[in-house]
Amino acid sequence: MSNNPEYDAVVVGSGPNGLAAAITLQRAGLSVLLVEGKSTIGGGLRSAELTLPGFTHDVCSAIHPLAIGSPFFQTLPLAQHGLTYLHTTLAAAHPFDDGKAARLEKSLDATASKLGTDEAAYLRLMTPLLQDWPLLAPELLGPLRLPKSPVKSLRFGLNALLPATWLASRFRARDARGLWAGMAAHSIQPLSNLTTSAIGLVLMAAAHLRGWPIPRGGSQSIAHALASYFTSLGGSIQTNFYVKSLAQLPASKAVLFDVTPRQLLQIAGHTFSPLYQWQLEKYRYGMGVFKVDWALDGPIPFTALSCQQAGTVHLGGTLEEITASEAHTSQGKHPEKPFVLLAQQSLFDPTRAPTGKHTAWAYCHVPNGSRVDMTNAIERQVERFAPGFRDRILARHTMNTQQMESYNPNYIGGDINGGILDIRQLFTRPALRASPYRTSTRGLYLCSSSTPPGGGVHGMCGHHAARQALRDVFKIPSL
């Protein structure tokens, strides 16, 4: 890097990880420039009137259990910069065809008590995890390293490494099995894969610890709060700055990229060692998503009352049905009854829609790069559990995988996780190296969701990458 830098560090990309990296560096006393290719910051944290005037929709991410519980975000005064979280009555609900639904509540005991014969099994599974969470969270949301609490880490790992279909055998009844399947399906891979239990366990723990909140005004408000704090520290932001090569960037001692391996190769691949370049070329992306946003004339008329109280609703029926749907999708097929993740933010945030009206947000998993229109399949799944839903649709906006990638180049083929997080890439994300954040070129770092701990709005990838750069380049010990 230059001996006469214009900035100490440049961060490319203003998603939650790019913002976290920029803040971490600026807090260490450096001069930092954050550049963003679009006219607005945020990456997956953007909101817009996608359907009709007055209806605010989250373009990408919507519900943020990992944001409110992020060890890094908790150190930031984001409330002072305009961020307000709104808590839902229920974190999530999972309806069935008989009009009943399983409930994920903030209270562990309340959730377990409604699972009937599986109450004790649920408590046995979740109680140790909640007790251990303060020690586990920093380790789970970071790179692979020797655990400070080996026994607690082993206890979590023995469950987390299991396929979700195996762990489901601990439950006997439909409700607990279905609820579990919906949680594990956030892993965006076949539920028979190793490690698919990890995301389900983390999401349920997050619900019991801090809930699954909604940011008032839209997901963009998280990005705005992070950016406001960054600039209050003296940081600089430049939008409409799409980086295609290193030559475009101002002189600096370090550059951190909130991009995936494919874009990193395009920007800086010529500087990398043959081995590192080969590893990035072999990096694998997972299933994509097809997304629908609706402007509605009223709330979704779910048959199950629990679904009318939940910020998130998982639509897929039984464990067996969800397992089959995710398996078919991973094989390149488009299920007639896909697993659908649905959020209804306007039930709890009146700023999202005109008085008496509502918004809803949903997506299903599809093969990477799919251009198939899944609107009807998704709406049939909603109608299945909420008869009369279609009669309330005023307008809709859809995005297939190609459109998702065009909107956010990190979503390769519609993959919102920055690469599949299966057993093969769990510990080698994005390459097998002593530090997953270092590239083979001194001063260049990767800080995106393609590094540990992976996808989600938590900023930990960016925070850890920035700490690595502080140690390597600036000789500043870990903060």
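If you look the chain up in an unreviewed UniProt entry, it shows as Phytoene dehydrogenase-like protein from Rhabdobacter roseus.

Our focus in this paragraph is the packing of helix 5 (residues 150-160) against helix 8 (residues 196-210). Running from N to C, helix 5 and helix 8 cross one another at 120 degrees; their axes reach a closest spacing of 7 Å. In this view, helix 5 runs oblique relative to helix 8, as classed from their interaxial angle. Along the contact surface, helix 5 presents Phe156, Asn159 and Ala160, while helix 8 presents Thr196, Ser197, Ala198, Leu201 and Val202. When its residues are assigned to classes, the contact of helix 5 with helix 8 shows 5 nonpolar, 3 polar and no charged.

A word on the sheet that holds strand 14 (residues 358-366). In spatial order, the strands read 7-6-12-13-14-11-15; together these 7 strands make up an open sheet with mixed pairing. Here the strands that pair on one side only, and so sit at the sheet edges, are strand 7 (101-104) and strand 15 (393-399). Averaged over all neighbouring strand pairs, the angle between strand axes comes to 20 degrees, with direction disregarded. Where strand 6 (residues 90-95) meets strand 12 (residues 310-315), 3 bridges bridge the pair, whose relative direction is parallel. Each bridged residue has a counterpart across the sheet, and for Ala92 the counterpart in strand 12 is Thr312. Against the sheet, helix 7 (residues 174-184) makes contact with strand 6, strand 7 and strand 12, and its axis sits at roughly 60 degrees relative to strand 7, the strand it touches most. Strands in contact with helix 13 (residues 375-385) are strand 6, strand 11 (288-296), strand 12, strand 13 (340-343), strand 14 and strand 15; relative to strand 11, the strand with the most contacts, it is inclined by about 60 degrees.

Inspection of every chain in the model, using the stated rule, returns 5 aromatic pairs. Cation over ring: Lys38 sits above Tyr407, and NZ or CZ is 5.0 Å from the ring centre. In this structure, Arg174 packs its charged tip against the face of Phe96, placed 4.1 Å from the ring centre.

Taken as a whole, the second largest pocket encloses approximately 240 Å³ of empty space. Around the second largest pocket sit 14 residues that line it, and Gly69, Gln74, Trp133, Ala137 and Arg210 are the ones nearest its centre. Breaking the lining of the second largest pocket down by element, the ones donating at least two residues are helix 2 (65-68), helix 4 (119-140) and helix 8. For the lining of the second largest pocket, the element with the highest residue contribution is helix 4, accounting for 4 residues. Its residues assigned to classes, the lining of the second largest pocket comprises 10 nonpolar, 3 polar and 1 charged.

This next bit is on the pattern of salt bridges. With the rule as written, the count across this model stands at 17 salt bridges. One salt bridge connects Asp58 with Arg352, and the closest N-O pair in it is separated by 3.2 Å. Taken together, the residues Asp58 in strand 4 (residues 57-58) and Arg352 in the loop between strand 13 and strand 14 connect sequence positions 294 residues apart. Both residues of the pair, Asp58 and Arg352, belong to the buried class. Among the salt bridges present, the one from Arg396 reaches Glu379, with a minimum N-O distance of 2.7 Å. With Arg396 in strand 15 and Glu379 in helix 13, this residue pair connects regions lying 17 residues apart in the sequence. One connected set of salt bridges, linked through shared partners, spans Asp58, Asp349 and Arg352.

With that settled, consider the pairing of strand 2 (residues 32-35). Burial along strand 2 is two-sided: the residues Val32 and Leu34 and Leu33 and Val35 are all buried. Inspection of the sheet shows strand 1 (residues 7-12) paired to strand 2 by 4 bridges, in the parallel sense. Pairing of Ala9 across the sheet is with Val32, part of strand 2. As for the winding sense of the linkage, the β-α-β connection from strand 1 through helix 1 (residues 16-27) to strand 2 is right-handed. Both strand 2 and strand 9 (residues 236-238) contribute to a ladder of 3 bridges, which runs parallel. The residue bridging Leu34 from the neighbouring strand is Ile237, located in strand 9.

Turning next to empty space enclosed by the protein. With the rule as written, the count across this model stands at 2 cavities of 30 Å³ or more. Roughly 40 Å³ of volume is contained in the largest cavity. Lining the largest cavity are Ser187, Ile188, Gly286, Met287, Asp415, Asn417, Gly419, Ile420 and Leu421. Here the residues of the lining of the largest cavity are counted per class, giving 4 nonpolar, 4 polar and 1 charged. Both domains that meet at the lining of the largest cavity, namely domain 1 (7-39 + 239-284 + 417-474) and domain 2 (85-214 + 287-407), each give it at least three residues. Volume-wise, the second largest cavity comes out at about 30 Å³. Lining the second largest cavity, in full, are Tyr122, Phe171, Ala176, Leu179, Trp180 and Met204. At 3 residues, helix 7 tops the list of elements feeding residues into the lining of the second largest cavity.

Conventions we followed
Residues numbered from 1 in each chain as written. Predicted model: local features only at pLDDT ≥ 70, side-chain atom pairs only at ≥ 80, totals over all residues. Heavy atoms only, no water. Axes fitted to C-alpha atoms, helices over the stretch in contact; angles between N-to-C directions. Helix = DSSP H or I, 4+ residues; strand = E, 2+ residues; numbered from the N terminus. Parallel < 35°, antiparallel > 145°, perpendicular 65-115°, else oblique. Contact = heavy atoms within 4.5 Å. Nonpolar A, V, L, I, M, F, W, Y, C, P; charged D, E, K, R; others polar. Pairing = 2+ DSSP bridges. Phe/Tyr/Trp six-rings, centres within 6.5 Å; stacked < 30°, edge-to-face > 60°. Lys NZ or Arg CZ within 6 Å of the ring centre and 35° of its normal. 1 Å grid on protein atoms, 1.4 Å probe; cavity = no way out; pocket = protein on both sides within 12 Å on 5 of 7 lines; lining within 4 Å. Points joined across faces, edges and corners; volume = space filled by probe spheres on them. Salt bridge = Lys/Arg side-chain N within 4 Å of Asp/Glu carboxyl O. Buried < 20%, exposed > 50% of the residue type's maximum accessible area, 1.4 Å probe, protein only. Right-handed = clockwise from strand over helix to strand, strands pointing away. Domains from an automatic or database assignment.

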